[in-house]
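Survey of secondary and tertiary structure
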Amino acid sequence: MINNFGDLFVLNTENTTYAFKVKDGLFLEHLYYGRRITLRSEEDAISITEKHEFQFGNVIIYNQELNSYNLGDLCLEASFSGKGDYRTPFLDVVYSDGSVTSDFIYDSFEIREGKNPLKTMPSSYGEGVSELDIILKERSHGLKLILTYSVFENPDVITRSSKVINSSEETVLLKGIMSAQLDMPTADYKMTTFNGTWIREMCRYDTPMTSGKHVNSSSTGVSSNDANPFFMISSNSTTEENGNVYAMNLVYSGNHAEIAEVGMMQKLRVSWGINPSGFSWELVPGEEFEAPEAVLSFSDKGYNGVSANMHEFVRENIVRSKWKDKERPILLNSWEAAYFDINERKLLKLAREAKNVGIELFVMDDGWFGERNDDTRSLGDWTVNSKKLPNGIKGLADKINEMGLLFGIWVEPEMVNVNSELFKKHPDWTLEIPDKDHSEGRNQRVLNLGLKEVQDFIIDSMSKVFSAGNIAYVKWDMNRKFSDIFSQLPYEDGKKYVYKEAIAGEVCHRYTLGLYRCMKELTEAFPDILFEGCASGGNRFDLGILSYFPQIWGSDDTDALSRCEIQNGYSYGYPQNTVGSHVSAAPNHQTLRTTSLNTRFCVAAFGSLGYECNLCDMSKNELEEIKEEIILYKKYREVLQGGRFYRGRSFSAEDSHQGSSVLRSQDSNVTEWMIVSSDKKKAVGMILQKNAVPGQEYQYFNVFGLDESLKYHVVGRDMRVSIKAFGDLVNTVSPVHVKNNGIVQSVLDRFIKLDAEKEDFYSWGDTLMNAGVKLLPGYCGTGFNDKTRLFMDYSARMYFFEAE
């Protein structure tokens with residue numbers, strides 16, 4: 001709901017209020033964003049409005065009539081350079097006379113019902129949305145700036161976007177434009193960002209806000225695994241369940257920046273949007289430029305509270321395809337089973353094993369086209385390798401379908417190898433500087449998607465691939481960052497470029513817009529295909545991609561322990577069904593760590609589940625265990641993919657650094673997750689331990705989200721323990737000597753499995769949530785039976801809650 005009371009604007013969601021006013025008829029002064037309060041008149045806002053009487057020392061005043069305050073000491077909705085506010089500007093413009101001062105002042109407003117989409121890129125959508133446009137005009141240069149606020153009442157989300165219109169007769173240069181700005185009267189906060197690299201995405205980092213500027217950004221050409229665009233600002237005492245926290249994101253897949261700055265008066269400014277570093281855009285007379293849509297949410301119920309808001313928003317107001325509310329199929333991907341060494345015979349053999357264990361979708365990964373036997377050749381040549389697939393895509397897809405499986409395929413449309421027919425024909429289609437040495441990544445170059453002819457090629461070539469057989473799933477990959485950023489060819493709009501730096505400064509944004517056109521046209525042309533985004537794993541995991549592809553591969557790292565931390569990071573801003581997560585082989589191909597099949601499944605089940613291993617090489621016992629896992633997952637799939645996600649303790653929690661160095665803080669040695677159905681009648685929990693702690697019998701599980709008034713049956717998963725887990729301790733009970741890792745031990749292990757502990761009890765929802773679950777005792781070296789929890793390094797358990 002949006003209300004206007006004279007100069008006061010009040011934006012209310014179900015549980016939050018966002019308020020600002022027009023100060024002195026000129027500036028937009030931010031007043032409040034937080035838990036919902038009552039504001040029904042300008043008088044009601046007096047108590048939350050800063051007061052000023054005299055100018056302060058050597059600061060700059062706007063003019064002699066307004067001499068009681070300095071713009072650099074105000075909380076503003078948008079700020080600009082040159083008039084005394086030295087903090088990060090919302091809009092940075094170079095004018096035709098060389099000046100850089102911008103003097104945007106309030107002009108008018110418009111309130112409307114309904115959500116208007118952005119014209120040039122994806123944005124949120126939904127019913128029951130109210131929108132507010134605030135129009136600002138530049139006093140001297142004829143530019144107009146429109147700030148748009150969209151209010152989504154139920155998920156407690158407000159989005160912001162901005163648009164600058166050149167109404168003058170001169171060409172200007174945009175050096176930066178933010179999507180949103182949030183000024184806070186104090187700096188008693190911390191900024192939480194999610195950073196990393198390839199196979200180590202989404203590591204959580206907390207930075208206390210002190211004087212100066214903290215920047216979370218990507219200049220790689222994509223949203224990047226270096227710095228995800230999702231971030232949070234929270235009180236220093238905030239926990240998962242309590243405390244004030246603001247969550248922010250950006251519906252954009254290119255270079256971005258999130259800037260938290262504590263200025264001279266110890267007030268915090270948060271601004272985010274396209275990364276101004278390396279960006280410039282020449283704005284000719286009559287042209288307008290849209291900034292991406294920014295997303296804001298507030299909760300006073302801690303990180304879990306704000307995550308719930310963001311999850312619901314992404315599910316209902318970002319994801320669009322037919323797969324938005326459909327259960328995602330369990331897949332087997334061929335990559336880690338065969339890499340490039342694939343052919344129809346191998347794939348069909350693998351698919352038969354997949355069908356036998358209950359998998360629903362078989363995916364052929366890289367290696368099926370051109371002369372693609374390694375990563376040095378054939379990207380861009382999207383024709384079938386007839387030696388590998390003599391019956392083509394259709395022949396293979398038909399045989400897969402006849403088994404009762406869906407068929408999927410891998411593509412990487414945005415890239416090209418120098419060793420390819422496409423590059424020979426169109427060497428000027430790539431992002432590189434002519435006649436200069438080019439710095440490559442993964443033996444490939446980036447096609448310039450800012451060029452319409454390149455977009456047309458991608459749309460046409462991918463349409464042929466997607467029509468070549470009964471394709472139900474597409475994994476769209478993108479395996480490198482940008483370098484030597486430059487367009488070898490002029491763009492179709494024929495700009496003359498008065499400002500030469502814009503030639504390179506526009507490239508990345510034009511690329512992103514071109515990518516969106518390709519994805520939009522292809523997803524509309526093939527609405528039944530489940531598209532999964534990928535960029536060397538999580539190098540482009542953002543709301544822009546999710547606007548077209550309902551899920552994204554979370555990381556190329558499939559190690560269960562690593563994935564636990566990665567998926568925990570994603571969970572702060574993204575719902576679990578948007579994260580592709582697979583069970584892979586052990587030792588893991590990325591870390592060489594060995595974890596149990598149970599642990600790998602426990603982690604992967606809390607995303608869109610898949611398998612990425614060579615089932616043909618697995619033992620009968622392993623295949624039986626996978627079959628049991630898939631049966632279990634299908635039973636609870638609706639809850640696991642569509643329920644509300646909660647975090648308990650996690651590896652990222654700070655160690656207490658108190659007490660024994662052996663008895664480490666339990667908060668950082670385990671990760672707990674729980675997903676609860678919308679009616680609160682079913683739930684699934686998971687606990688994963690990083691390291692076994694000697695002499696520690698006691699362990700507990702935190703419970704969230706249940707109905708306090710319902711009684712629940714709580715059970716653990718039926719599990720068996722290998723005698724190999726005990727090594728030569730078996731000899732303390734064996735009538736004959738059993739050599740550790742010997743033939744006898746291996747034979748016995750095939751036929752003898754010990755019963756693991758199994759939680760099985762009834763309890764009320766309020767008891768479970770307030771007291772937690774004290775688990776059966778852990779193994780401490782003095783005895784084992786079916787009531788002893790064997791919780792070794794990297795061990796995990798799942799628990800199931802069903803209301804009576």
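Residues numbered from 1 in each chain as written. Predicted model: local features only at pLDDT ≥ 70, side-chain atom pairs only at ≥ 80, totals over all residues. Heavy atoms only, no water.

1. A closer look at the packing of aromatic side chains
Taken as a whole and judged by the stated rule, the model has 44 aromatic pairs. Between Y516 and Y548, the ring centres sit 5.9 Å apart and the planes meet at 35 degrees, which makes this aromatic pair tilted. Of the two residues, Y516 is situated in helix α8 (residues 507–525) and Y548 in the loop between α9 (543–546) and β28 (551–553); the sequence distance between them amounts to 32 residues. Of the two residues, Y516 and Y548, both sit in the buried class. Where F645 meets W673, the ring centres are 5.9 Å apart and the plane angle is 55 degrees; that geometry is what we call tilted. In this pair, F645 is assigned in strand β31 (residues 644–647) and W673 in strand β32 (residues 670–676), connecting sequence segments 28 residues apart. Taking the relative accessible area as the measure of exposure, W673 reaches 1% and is therefore buried. (Phe/Tyr/Trp six-rings, centres within 6.5 Å; stacked < 30°, edge-to-face > 60°. Helix = DSSP H or I, 4+ residues; strand = E, 2+ residues; numbered from the N terminus. Buried < 20%, exposed > 50% of the residue type's maximum accessible area, 1.4 Å probe, protein only.)

2. Comments concerning the side chain of H438
One can find H438 in the loop between α5 (421–425) and β25 (445–446). With a relative accessible area of 15%, H438 lands in the buried category. At a separation of 3.0 Å, a polar atom in the side chain of H438 contacts the side chain of D484. Excluding residues within four positions of it along the chain, H438 makes contact with L431, E432, R445, R480, S483 and D484. (Polar contact = N/O pair within 3.5 Å; in protein donor to acceptor, adjacent residues only side chain to side chain. Contact = heavy atoms within 4.5 Å.)

3. Here's the deal with the sheet that holds β32
One open sheet accounts for 6 strands, arranged β31-β32-β33-β40-β35-β38; its pairing is antiparallel. Edge positions in the open sheet fall to β31 and β38 (760–764), since each of these has one partner strand only. Pairwise comparison of adjacent strand axes, ignoring direction, gives a mean angle of 20 degrees for this sheet. Here β31 runs beside β32; their pairing, made up of 4 bridges, is antiparallel. Counted as the bridge partner of R644 is V676 from β32. Contacting β32, β33 (682–689) and β40 (796–803), helix α11 (residues 597–604) crosses the sheet at an angle of about 50 degrees to β40. (Pairing = 2+ DSSP bridges. Axes fitted to C-alpha atoms, helices over the stretch in contact; angles between N-to-C directions.)

4. Thoughts on unusual backbone geometry
A negative phi angle characterises most non-glycine residues, just as the trans form characterises most peptide bonds. Of note, the amide linkage connecting A586 to P587 takes the cis form, showing an omega dihedral of 5 degrees. For P587, the location among the structural elements is in the loop between β29 (579–584) and α11. Even without glycine at this site, M202 takes up a positive phi of about 60 degrees. Relative to the helices and strands, M202 resides in strand β12 (residues 200–208). In this structure, N741 is a non-glycine residue whose phi angle is positive, near 65 degrees. Relative to the helices and strands, N741 is located in the loop between β36 (720–722) and α14 (743–751). Its relative accessible area of 64% is what places N741 among the exposed residues.

Just distances and angles here, no functional claims.
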